[in-house]
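Each chain, written out:
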Amino acid sequence: MLRSSIFILIVALLVGLFCFVILSLNKDIIKLDLLFIETEVSTGILMLVSFLIGSLITFILEMLYFYRKRKTD
């Protein structure tokens, strides 16, 4: 129990450090032209947001896959 808690804490710290490094190294402002909205955002934030959206989509699709697999068994 204690080892797993320490491992989770170390992983969370590494993820936070990785996010900080991405944000600090990518401070360039770019124009993001969405369909009806044009906005200016830094490349670091854009990278983190696109990674989080991709992770969320993957998680949802995996949950649907395992739900259907369990339902057929």
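Conventions we followed
Residues numbered from 1 in each chain as written. Predicted model: local features only at pLDDT ≥ 70, side-chain atom pairs only at ≥ 80, totals over all residues. Heavy atoms only, no water. Helix = DSSP H or I, 4+ residues; strand = E, 2+ residues; numbered from the N terminus. Rg over C-alpha atoms; globule rule 2.2 N^0.38 Å. Buried < 20%, exposed > 50% of the residue type's maximum accessible area, 1.4 Å probe, protein only. Contact = heavy atoms within 4.5 Å. Areas by Shrake-Rupley, 256 points an atom, 1.4 Å probe, with all protein chains shown as cover. Lys, Arg positive; Asp, Glu negative; His and termini not counted. Charge placed at Lys NZ, Arg CZ, Asp CG, Glu CD. Pairing = 2+ DSSP bridges. Patch = residues over 30% accessible without salt bridge, like charges linked within 9 Å, V, L, I, M, F, W, Y side chains within 5 Å. Salt bridge = Lys/Arg side-chain N within 4 Å of Asp/Glu carboxyl O. Expected span 1.5 Å × (residues − 1).

Student: Looking at this structure, I do not really get the overall build of the protein chain. What am I missing?
Tutor: Scanning the protein chain for helices and strands turns up two helices and two strands. Start at the N end of the protein chain and walk to the C end: the helices and strands fall as α-β-β-α. For 73 residues, the compact-globule estimate of 2.2 N^0.38 gives 11 Å, and the protein chain exceeds it by more than 25% at 18 Å. Its C-alpha atoms put the protein chain at 50 × 35 × 10 Å along the principal axes. When the 73 residues of the protein chain are sorted by exposure, 8% land in the buried category. Counted over contacts in the protein chain with a minimum sequence separation of 6, partners at least 24 positions apart contribute 13%. Approximately 7,000 Å² of the protein chain is accessible, and the part contributed by carbon and sulfur atoms is 74%. Averaging the locations of the 7 positively and 6 negatively charged side chains of the protein chain gives two centres separated by 16 Å.

Student: Even after reading the chapter, I still don't get the side chain of Ser42, so can you show me in this structure?
Tutor: Here Ser42 is to be found in strand β2 (residues 38-42). Setting aside residues no more than four positions away along its own chain, Ser42 makes contact with Asn26, Lys27, Asp28 and Ile29.

Student: Which parts of the structure should I look at to understand the pairing of β2?
Tutor: Of the strand pairs in this sheet, strand β1 (residues 29-33) and β2 are connected by five bridges, and their pairing is antiparallel. In the sheet register, Ile30 faces β2, and the bridge partner there is Val41. In sequence, β1 turns back onto β2 through a hairpin of four residues.

Student: Teacher, can you tell me more about a nonpolar patch on the surface here?
Tutor: On the surface, Leu23, Ile45, Val49, Ile53, Leu56, Ile57, Phe59, Ile60, Leu61, Met63 and Leu64 cluster together to form a nonpolar patch covering roughly 1,000 Å² of accessible area. At ten residues, the largest contribution of residues to the nonpolar patch is made by helix α2 (residues 43-72). What makes Leu61 exposed here is its relative accessible area of 52%.

Student: Would you take a moment to explain α2 for this structure?
Tutor: Residues separated by three or four positions in an α-helix point in the same direction, a consequence of the helix having 3.6 residues per turn. Its 30 residues place the ends of α2 44 Å apart at the C-alpha level, agreeing with the 44 Å of an ideal helix rising 1.5 Å per residue. Among the residues of α2, Thr43, Gly44 and Leu48 are the ones counted as buried. Considering only its buried residues, α2 is in contact with α1 (2-25), β1 and β2.

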